Amino acid sequence: MTLCLVITAIVTLLAAVCAMSLRNLVHCALTLAVSFSGIAAIYLQLDAEFVGFTEILVYVGAVAILVVMAILLTRSGETTQPSVLTSGRLDLIGKFAGIGVTAAIFTTLGWAILSSSVLAKPGAVAPQVTVKDIGEVLMTRYVLPLEIVGLVLTAAMIGAVIIAYKEEAKSRSQVLPGAQTKTATSNQPAVVPPAENILKKAGVA
Amino acid sequence: MSPLQFCLLVSALLFAIGFAGAVTRRHAILALVGIELMLNAANLNLIAFWRFGPHPELLTGFIFVLFSMALAAAEAAVGLALVIAIYRHKKTSNLDEVKELKG
């Protein structure tokens, strides 16, 4: 346990606390990126270089940016959350109950970690992992999980596009005067399958 | 304290912070951020056990973390798309105001 690891861990935890407690959501997203970078640095010090760089690519590069985009699209960075002092009593009780449950979880986990004799043994020697090893393992032993993860990512991408697209297509058709009278007379919004709608908009169909 | 215990303690603290945020904050995006922090804590656990375990050359925990990161990215994309869709529909992203399914 080197000093460097301790400092990285402290920075990571402080950034995580800031990401969960700051009032301005944009600041939350930025401190979240700092926290992810700290976790990546911890991975690097644990001899998991590939995972560390993947963490930077996926979390700092994609997830943090996605969170910033979601904050901007929902315009929640401008409005400030109600502070703890002005919120109601039930609200305060709920917050304290949540923090109490959290403290209980951490106490249990910490007690289990510190009292275990198995975990106190010194670790093995540092493994030499090259990217070639990872590729070989991924292409032989873990090839089926790899394909399934590819399928899941494709499904998630299509799903995210359809979920975020549908309402916009509907509201735009309601803006048109013709569409508005049609929906008003039939008393039912025009039902268009979302996938077909997207294809039409893209000019494919 | 061995390095493994230190990593597990950091991970437990990170999990606790993420859990507290996911439970106490009202904003949907912050709840998702808390879930991401909890997932990262689990990944840190896996890496620590891989590094200090008896057989690091088998790369089991390492590969598990790679797959778990891919699933976490998919979860974040779908979750944030849902937040945006709910915002368009109801003009709010406060979790307490979205309660149509409450009995």
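See the structure shown above.
Residues numbered from 1 in each chain as written. Chains lettered and ligands numbered in written order. Predicted model: local features only at pLDDT ≥ 70, side-chain atom pairs only at ≥ 80, totals over all residues. Heavy atoms only, no water.

## Topic: a nonpolar patch on the surface
Together, A:Met139, A:Val143, A:Leu144, A:Ile148, A:Val152 and B:Leu71 give the surface a local cluster of nonpolar side chains, amounting to about 530 Å² of exposed area. For the nonpolar patch, the element with the most residues is helix α6 (residues 143-175) of chain A, which contributes four residues. (Patch = residues over 30% accessible without salt bridge, like charges linked within 9 Å, V, L, I, M, F, W, Y side chains within 5 Å. Areas by Shrake-Rupley, 256 points an atom, 1.4 Å probe, with all protein chains shown as cover. Salt bridge = Lys/Arg side-chain N within 4 Å of Asp/Glu carboxyl O. Helix = DSSP H or I, 4+ residues; strand = E, 2+ residues; numbered from the N terminus.)

## Some thoughts on the state of the cysteines
What makes a disulfide is a covalent bond joining the sulfur atoms belonging to two cysteines. For the structure shown, the criterion picks out zero disulfides over all chains. Free of any disulfide, A:Cys4 has its nearest cysteine sulfur in B:Cys7, 12 Å distant. (Disulfide = S-S within 2.5 Å.)

## Observations concerning the interface of chain A and chain B
Listed as interface residues are 78 residues of chain A and, on the opposing side, 69 residues of chain B. Summing both partners gives a buried area of about 6500 Å² for chain A against chain B, and 80% of it is carried by carbon and sulfur. A salt bridge links B:Arg51 to A:Asp47, with the shortest nitrogen-to-oxygen separation between them at 2.7 Å. Where the side of chain A that touches chain B is concerned, the elements lending two or more residues are α1 (3-21), α2 (25-45), α3 (49-73), α4 (89-115), α5 (131-140) and α6 of chain A. (Contact = heavy atoms within 4.5 Å. Buried area = accessible area lost by both parts, 1.4 Å probe.)

## Focus on the pattern of salt bridges
Here the structure, examined in full by the defined rule, presents five salt bridges over all chains. Residue A:Asp91 is joined to B:Arg26 by a salt bridge in which the shortest nitrogen-to-oxygen separation is 2.2 Å. One end of the pair, A:Asp91, is in helix α4; the other, B:Arg26, is in the loop between α1 (3-24) and α2 (28-52), on a second chain. Judged by relative accessible area, A:Asp91 falls into the buried class, the value being 16%. For B:Arg26, a relative accessible area of 27% corresponds to the partly exposed category. As a salt-bridge pair, B:Asp96 and B:Arg26 come within 2.8 Å of each other at their nearest N and O atoms. Remark: B:Arg26 occurs in the loop between α1 and α2 and B:Asp96 occurs in the segment after α3 (60-90); sequence separation between them is 70 residues. Each of A:Asp91, B:Arg26 and B:Asp96 takes part in salt bridges that share partners, so that together they form one network. (Buried < 20%, exposed > 50% of the residue type's maximum accessible area, 1.4 Å probe, protein only.)

## Here's the deal with the packing of aromatic side chains
One pass over the structure, following the stated rule, counts three aromatic pairs over all chains. Between A:Phe36 and A:Tyr59 the ring centres are 4.7 Å apart and the planes differ by 50°, which places this aromatic pair in the tilted class. Note that A:Phe36 is positioned in helix α2 and A:Tyr59 in helix α3, a separation of 23 residues in sequence. Owing to a relative accessible area of 0%, A:Phe36 belongs among the buried residues under this scheme. You can call A:Tyr59 buried: its relative accessible area is 0%. A ring pair is formed by B:Trp50 and B:Phe62, whose centres lie 5.1 Å apart and whose planes are at 55°; its orientation type is tilted. Of this pair, B:Trp50 sits in helix α2 while B:Phe62 is found in helix α3, placing the two residues twelve residues apart along the sequence. The exposure class of B:Phe62 is buried, given its relative accessible area of 1%. Members of the aromatic cluster, connected to one another through ring pairs, are A:Phe50, B:Trp50 and B:Phe62. (Phe/Tyr/Trp six-rings, centres within 6.5 Å; stacked < 30°, edge-to-face > 60°.)

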